[in-house]
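Structural description and commentary
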Amino acid sequence: VKITVPIIVLLSYFSIINYQEVGWLLVIYHLVIVIWLMFFLKQIGGLDIHKGVVKRVKLSKHLEMIRYMLYGAMNHIGDILVYKIDVIMIGLMMTATDVGYYSIFLFLTVVIDIPTNAVIRTTKILISKGFENNELKEIERIYKSASVNLFSIGIILFALIWLNMNTFFYIMTNGEDLMLYKTAFLFLALAKLFDMITSVNFHIISFSPYFRINSLFILILACINTLLNYYFIDNFGIVGAAMSTAISMFLFNLAKTIFIIIKYKMQPFKWEYLIMGLFLVISILLPFIFPTLMASPIISGIISGVIVLLFIFSIYKLEVSVEINNFINKYWGKFFS
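Residues numbered from 1 in each chain as written. Predicted model: local features only at pLDDT ≥ 70, side-chain atom pairs only at ≥ 80, totals over all residues. Heavy atoms only, no water.

All right, on to the environment of I328 then. Residue position: I328 is located in helix 14 (residues 322-336). Accessibility expressed as a relative area gives 19% for I328, which makes it buried. Sequence separation of I328 and Y316 is 12 residues, and the distance between their C-alpha atoms is 8.0 Å. (Helix = DSSP H or I, 4+ residues; strand = E, 2+ residues; numbered from the N terminus. Buried < 20%, exposed > 50% of the residue type's maximum accessible area, 1.4 Å probe, protein only.)

It is worth spelling out the packing of aromatic side chains at this point. Under the definition given, this model contains 17 aromatic pairs. Ring geometry for F131 versus Y264: centroids 5.7 Å apart, planes at 65 degrees, classification edge-to-face. Separated by 133 residues along the polypeptide, F131 in helix 4 (residues 96-132) and Y264 in helix 10 (residues 213-264) bring together distant segments of the chain. We classify Y264 as buried; its relative accessible area is 16%. (Phe/Tyr/Trp six-rings, centres within 6.5 Å; stacked < 30°, edge-to-face > 60°.)

Looking now at the pattern of salt bridges. Scanning the entire structure with this criterion turns up 4 salt bridges. Two residues, D195 and K192, come together in a salt bridge whose shortest N-O distance is 3.5 Å. With D195 and K192 both in helix 8 (residues 182-197) and 3 residues apart, this pair spans about one turn of that helix. The same class applies to D195 as to K192, namely buried. Within this structure, D113, K192 and D195 form a network of salt bridges that share partners. (Salt bridge = Lys/Arg side-chain N within 4 Å of Asp/Glu carboxyl O.)

The following block contains the structure:
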């Protein structure tokens, strides 16, 4: 994907292929990947296609697997659509230029989200095994650990991007136009940070006996997000789209977190989050309090670096995360050796 998709994008950019051909190439590419993965599964013994394999599994088990698969597929599709509703509605209610501006802020938010994908890939297996073996304490440990690690990294990435936003705009084409809408990134980033602090709540519910409830939450989220988008986009443009997404995602994650508290008596929060939140608030307010000062690339770079270093020092001393402390101890010693 890191080779094929950029090649397709470049072919389109240089007008070697048109938009319709881009779509067909992407579809063909993903079909090839599916066939390739099926072949790979067969090679490692993970795919049984022998005659009678279906009969060896009870009908009730087949129905259970199909039901779970359908709910999982609906949740996945719904999750994608919910996150794209704002882009679609900006395209319908505004212009293609506004969609482009908004997509840039979405891309910057995705940078904050990169650690989440890595953590989710690892923890999904552990959460599944935890429910299989009824090890709720282990699931709670993963819940809390993922939360503090993601929130810590999220604050660092947010501070580096938000405090240096003017520098990004300076080096970008039409950056002065984007400057007017930079609060859109702020709302999207805050939504993402709350998603990170609530960590793996979606996957805890997905692997639990209550996995169907996720579909209900996604449906409610989609309705709320659509209604809010109509109002906020009409009144505040692309910043309004970011506001509606932030409100919807906050309510979505709050509902999942409350559900897990009620059903399993576990939650991801720690008192140290108050101190961590203080650094977040300072990072948010600095560009508003000192706009002229933060407009300088050198000064904003120094300030963001100082805040990040102080934040890392604080969470290290508070020992909020075993993983972060071990990482610092390991590479701090190597640096000075």
